[in-house]
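Understanding the architecture of this molecule
Each chain, letter by letter, is given below.
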Amino acid sequence: MATVKTIGVLGAGIMGAGIAQVAAQTGYQVIMRDLTDDFVSRGLNNINKNLNRDVQKNRLSQEEAQAILGRIKVTTKINDLAAADFVIEAVIEQMELKKEVYRELDQICPEHVVFASNTSGLSITEMASVTKRPDKFIGMHFFNPVPVMKLVEVIKGARTAEETAQLTIELAQKMGKEPIVVNEAPLFVVNRILVPMLNEAMFVLMEGVACAEDIDKGMKLGANHPIGPLALADLIGLDTLLLIADTLYRETGDSKYRPCPLLRKMVRAGHLGRKTGRGFYTYN
Ligand code: CAA
């Protein structure tokens, strides 16, 4: 397989922008694509904000920050991804939408290019099935906030080639991350354990067992978590979390994984966490 020099990133949301930033910081050329100019500039602004914070904290010089930004090309045209050697997809967690994107991408990108989905728990095998390269299709799951979190889950679908897995593991390492290898299963490893815990915290709140602040304080001080489960749900985004929780419930058919009704209600109300300024907490 060819050496990776240019990484295509599909999606400029929280995860896509984070992945683009880390790729550019570790020396890769990046092409970040989203549907509208507005989405793309929001992603770029977030990267800018993070780099400026690093400059203010003397972790990065102004010149280095400029060089990193200079390696990120943004676009709304999917055809521009033809120049990428490796594509990481971070679009919304909906299977049909992702398949649509991969059908298109399969026509655009050269045959040797690996497609890696940053899905939080959807089937890699199913996404790969709409392409002519299921052997070059893999999961590459980053964690939020991407510049801070060290882990990448590398998920092998039913037809992923060993060579593809090796390339992805090496890429994750070159991006400064620690990979773990996962055989495809709903929600992989971390979310399979984490999401039911966050869901349970919402049931505890909904049942009036304790207030949000005390639930979070309990898990911070009693289980040494860096932030409480409700604050973490706000960080992930409640809409994303609901899509992930629904995947686990649907794929297993096990009622113990049913998403908390409070989560569904908050998503319907548009209270999606930090990104909308209101979730379990309010944000400026
Ligand atoms: N981007 C870049 N850097 C960020 C950041 C962001 N969005 N948010 C925080 N940071 C950095 C800050 O710059 C700061 O760095 P320094 O201390 O070196 O200056 C550091 O992180 C700590 O930040 P803060 O002091 O502002 O806040 P904090 O101490 O509460 O830490 C946190 C923030 C790192 C997010 C911490 O709360 C934490 O680790 N939370 C848990 C995160 C977690 O579990 N993520 C996984 C979510 S699940 C997931 O992503 C999978 C999925 O599919 C849904």
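Look up a bit, the structure's there.
Residues numbered from 1 in each chain as written. Predicted model: local features only at pLDDT ≥ 70, side-chain atom pairs only at ≥ 80, totals over all residues. Heavy atoms only, no water.

Overview of the site of the ligand
As a reminder of what qualifies: One heavy atom within 4 Å of a molecule or strand is enough for the residue carrying it to be called near that molecule or strand. Secondary structure elements follow DSSP: runs of H or I no shorter than four residues count as helices, runs of E no shorter than two count as strands, and numbering proceeds from the N terminus. Side-chain classes follow a simple rule in which Ala, Val, Leu, Ile, Met, Phe, Trp, Tyr, Cys and Pro form the nonpolar group, Asp, Glu, Lys and Arg form the charged group, and the remainder, Gly included, forms the polar group.
In the neighbourhood of the ligand, 19 residues make up the surrounding shell, with K57, R59, H141, N144 and N191 lying closest. Where the shell around the ligand is concerned, the elements lending two or more residues are helix 2 (37-56), helix 7 (190-206) and helix 9 (229-236). A per-class count over the shell around the ligand returns 11 nonpolar, 5 polar and 3 charged.

Details of the side chain of K98
The test is simple: Buried means the residue's accessible area, taken with a 1.4 Å probe over protein chains only, is under 20% of the maximum for its type, while exposed means over 50%, and partly exposed covers the values in between. Think of a polar contact as two N or O atoms within 3.5 Å of one another; within protein, one of them needs to be a possible hydrogen donor and the other a possible acceptor, and neighboring residues in sequence only count if both atoms come from side chains. Contacts are assigned to residue pairs with any non-hydrogen atoms lying within 4.5 Å of each other.
Secondary-structure assignment places K98 in helix 4 (residues 95-108). Classification of K98 by relative accessible area gives buried; the value is 0%. Of the polar contacts made by the side chain of K98, one reaches the side chain of E89; its length is 2.5 Å. A polar contact is formed between the side chain of K98 and the backbone oxygen of V91, at a distance of 3.0 Å. With sequence-adjacent residues up to four places away left out, K98 is seen in contact with E89, V91, I92, E93, S117, T119, L122 and M127.

Observations regarding the sheet that holds strand 4 (residues 86-89)
Note the threshold: Two strands pair if DSSP finds at least two bridges between them. As a rule, the C-alpha atoms of each element are fitted with a line to give its axis, helices using only the stretch in contact, and angles between N-to-C directions run from 0 to 180 degrees.
Strand order in this open sheet of 8 strands is 3-2-1-4-5-6-7-8, and the pairing throughout is mixed. Here the strands that pair on one side only, and so sit at the sheet edges, are strand 3 (72-75) and strand 8 (178-183). Between one strand axis and the next, the sheet turns through 25° on average, direction left out of account. Sheet topology note: the strand 1 (residues 6-10)/strand 2 (residues 29-33) ladder contains 5 bridges and is parallel. Each bridged residue has a counterpart across the sheet, and for L10 the counterpart in strand 2 is R33.

Some details on the packing of helix 1 (residues 14-25) against helix 2
Operational definition: If an angle is under 35 degrees, it is roughly parallel; if it is over 145, roughly antiparallel; if it lies from 65 to 115, roughly perpendicular; otherwise it is oblique. A clockwise turn of the near helix away from the far one marks a right-handed crossing, whereas an anticlockwise turn of less than a right angle marks a left-handed crossing.
Between helix 1 and helix 2, the least distance of the axes is 9 Å, while the angle of their chain directions is 50°. Judged by the angle between their axes, helix 1 and helix 2 are oblique. Note that helix 1 runs across helix 2; the crossing there is right-handed. Residue-level inspection shows A17, A20, Q21 and Q25 of helix 1 in contact with helix 2, the latter providing G43, I47, N50, L51 and D54. Partitioning the contact of helix 1 with helix 2 into residue classes produces 4 nonpolar, 4 polar and 1 charged.

Details of unusual backbone geometry
A cis amide bond links N144 to the next residue, P145, at an omega of 0°. Here P145 shows up in the loop between strand 6 (137-142) and strand 7 (151-156). If you check the backbone angles, L187 has positive phi at about 70° while not being a glycine. Unusually for a residue other than glycine, N224 sits at a positive phi of about 60°. Positionally, N224 belongs in the loop between helix 8 (212-223) and helix 9.

Things to note about the packing of aromatic side chains
Stated formally: Pairing of aromatic side chains requires ring centres within 6.5 Å, counting the rings of Phe and Tyr and the six-membered ring of Trp. Pairs whose planes differ by under 30 degrees are stacked, by over 60 edge-to-face, and all others tilted.
With the rule as written, the count across this model stands at 3 aromatic pairs. Taken together, a centroid distance of 4.6 Å and an interplanar angle of 65° make the contact between Y102 and F137 edge-to-face. Of this pair, Y102 sits in helix 4 while F137 sits in strand 6, and the two are 35 residues apart along the sequence. Pair check on accessibility: Y102 and F137 agree, each one buried. Summarising the aromatic geometry, the rings of F115 and F137 are spaced 6.3 Å apart at their centres and angled 80° between planes, so their arrangement reads as edge-to-face. Here the residue F115 occupies a position in strand 5 (residues 114-117), and F137 occupies one in strand 6, the gap between them amounting to 22 residues. Residue F115 is classed as buried on the basis of its relative accessible area, which comes to 0%. Since its relative accessible area comes to 0%, F137 is described here as buried.

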